[in-house]
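# Survey of secondary and tertiary structure
Residue-level listing of the chains:
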Amino acid sequence: MMKAAEISNPYGQPELSPAYDPWDPITSLRKYGRHLLTSVELTVSNLCNMRCEHCAVGDTLVLAEPAKLPLASILQRLDEVEHLQTISITGGEPSFSGRTVQDYIIPLLKYARGRGVRSQINSNVTLDYSRYEAIAPYLDVMHISFNYTTADDFHQVGFAKSGHPVPRETAVRMYERMIENARKLSEGGLLVSAESMINFRTHEKIADIHRLIVEMGCRRHEVHPMYPSAFAADLPVIGKEEMRAAVDTLLKERDPSIWMLFGTLPFFQCNEDEEDRRLLSRLAAAPNVTVRNDPDGRNRLNVNMFTGDVFVTDFSDVPAFGNIGGDRLDDLFQRWLGHPLARSVDCHCPAAGCCGPNLLVKDMYYRDADFSSRKAIIL
Ligand code: SF4
């Protein structure tokens, strides 16, 4: 079995790093001077062996799922995306079914490699290692969720919505397998990026979570606030001050050798609140730390592989605005850019490296704000 590090990079692209993150829409905005579709997210499964309390697509999870569209039809639509730079494969747990791994995931990843397109899979890596070992040689980023300091945290959070009790021993076994899998994949040369969310459970122990992620060998720690979508709709929400404090703790206590990527933060350089701007400036100045602009609807669309429906993101309440059965993805992206919701967050302040808020962030914190009339306050 080939290791990820043994696969050549035929296009001689730069390494994924704080200096080169093609998922960030600012990269293509700077290059082309306007938003273009450079990223496609594919939902390949609605099955999952967990039921996390914060799952952003929890309401779509099922116990049995219908057939997917033929692979050829999605490959044809990807082929038409002129500026495609990244794909993301998501679920559910995308690797839940071995057939999905063989018949869809590996061919999609091979397609991406053959075209010089970077790839990511969002997985809980709690299944047998062989499943991930088969994927790793063709993959750029294995993205996992990690919000725990103990197996008991994992037990409590990971099965909160399962509808029946899951024995502690089962959860402990899965927790240990997840850590072992992440470690082995990292040792094999794969970029394992662990995402933690800042929420009511994690905000005071985020530094301990970070330490465990470093111990697993992950090369990147991705941090986002939790937003109340799907299963998370009823969870307590923490305020901006607590969120700022959690980010501040991470800045002080992080291991500076690993890349820290913050995303969907509710802080902007156009905010009147000086504390927000001060924190952003500290993030910008910290080595090995990036704040990614949100890709959803900026340079990325989501395609549901069962129906062909196209969404702004896999967890949005915004209904599908097209289908790959009848439309090219580039055309659908242009259609989305004209949508009033897309226009409500369409701003760009080059000096701040910012191209506007995520839709959920706007909805939660800036419902009445008109971003088209705001400007970064750069002192
Ligand atoms: S791009 Fe938009 S959100 Fe970002 S600083 Fe400028 S006005 Fe604010």
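Residues numbered from 1 in each chain as written. Predicted model: local features only at pLDDT ≥ 70, side-chain atom pairs only at ≥ 80, totals over all residues.

## Some words on the overall build of the protein chain
The helix and strand tally for the protein chain stands at twelve helices and ten strands. Its C-alpha atoms give the protein chain principal-axis dimensions of about 55 × 45 × 40 Å. Of all 379 residues assigned to the protein chain, the portion counted as buried reaches 45%. Considering only intrachain contacts with a sequence separation of at least 6, the fraction spanning at least 24 residues in the protein chain is 75%. (Helix = DSSP H or I, 4+ residues; strand = E, 2+ residues; numbered from the N terminus. Buried ≥ 20, exposed ≤ 12 C-beta atoms within 10 Å, placed from the backbone. Contact = placed C-beta atoms within 7 Å.)

## As for the sheet that holds strand 2 (residues 86-90)
Spatially, the ten strands line up as an open sheet ordered 8-7-6-5-4-3-2-1-9-10, and their pairing is mixed. Edge positions in the sheet fall to strand 8 (289-292) and strand 10 (310-311), since each of these pairs with one other strand and no more. When strand 1 (residues 39-43) meets strand 9 (residues 300-304), the two strands line up parallel, connected through five bridges. Note on strand 9: the bridge partner recorded for V40 is L301. The strands touched by helix 3 (residues 98-115) within the sheet are strand 1, strand 2 and strand 3 (118-122), with strand 2 carrying the most contacts at an inclination of about 170°. (Pairing = 2+ DSSP bridges. Axes fitted to C-alpha atoms, helices over the stretch in contact; angles between N-to-C directions.)

## Remarks on the packing of helix 5 (residues 151-158) against helix 6 (residues 168-187)
Their axes nearest at 9 Å, the elements helix 5 and helix 6 cross at an angle of 110°. Taken as axis vectors, helix 5 and helix 6 run roughly perpendicular relative to one another. The way helix 5 lies across helix 6 gives a crossing that is right-handed. For the pair helix 5 and helix 6, contact is made by A151, F154, H155 and G158 and by R168, A171, V172 and Y175, respectively. Tallied by class, residues from the contact of helix 5 with helix 6 come to five nonpolar, two polar and one charged. (Parallel < 35°, antiparallel > 145°, perpendicular 65-115°, else oblique. Left-handed = near helix turned anticlockwise from the far one by under 90°. Nonpolar A, V, L, I, M, F, W, Y, C, P; charged D, E, K, R; others polar.)

## What about the confidence of the model for the protein chain?
For the protein chain, per-residue confidence averages 90 on the pLDDT scale, and 93% of positions sit at 70 or higher. Looking at the elements of the protein chain, mean pLDDT is at its lowest for helix 5, recorded as 85, and at its highest for strand 8, recorded as 98. Note that pLDDT drops below 50 for residues 1-8; the model gives that stretch 15 contacts with residues more than four away or on any other chain. (pLDDT = per-residue confidence, 0-100.)

## Considering the site of the ligand
Surrounding the ligand, one finds 15 residues, the nearest of these being C270, C347, C349, C354 and R374. Class assignment of the residues belonging to the shell around the ligand gives a composition of ten nonpolar, three polar and two charged. (Near = placed C-beta within 6 Å.)

## Thoughts on the environment of K375
Considering the arrangement of structural elements, one finds K375 in the segment after helix 12 (359-365). A C-alpha to C-alpha distance of 50 Å links K375 and S130, two positions 245 residues apart in sequence. Excluding its chain neighbours within four sequence positions, the residues that come into contact with K375 are C270 and C349.

## Comments concerning the pairing of strand 7 (residues 259-263)
Looking down a regular strand, the side chains alternate between one sheet face and the other. Among the five residues that make up strand 7, four are buried, leaving the element largely enclosed by the rest of the structure. Here strand 6 (residues 220-225) runs beside strand 7; their pairing, made up of four bridges, is parallel. Residue E222 lies in a different strand from strand 7, and its bridge partner there is L261. Of the strand pairs in this sheet, strand 7 and strand 8 are connected by four bridges, and their pairing is parallel. If you follow F262 over to strand 8, its bridge partner there is V291. Running through helix 9 (residues 274-285), the crossover from strand 7 to the neighbouring parallel element strand 8 is right-handed. (Right-handed = clockwise from strand over helix to strand, strands pointing away.)

## Section: the pairing of strand 9
The buried fraction of strand 9 is high, at five of five residues. Taking every second residue as pointing to the same face, both faces of strand 9 are buried, with R300, N302 and N304 on one and L301 and V303 on the other. Across two bridges, the pairing between strand 9 and strand 10 is antiparallel. Along strand 10, the bridge assignment pairs V303 with V310. In textbook terms, the turn of a hairpin is the stretch between consecutive antiparallel strands, and for strand 9 and strand 10 this stretch comprises five residues, one of which, G308, has a positive phi near 85°.

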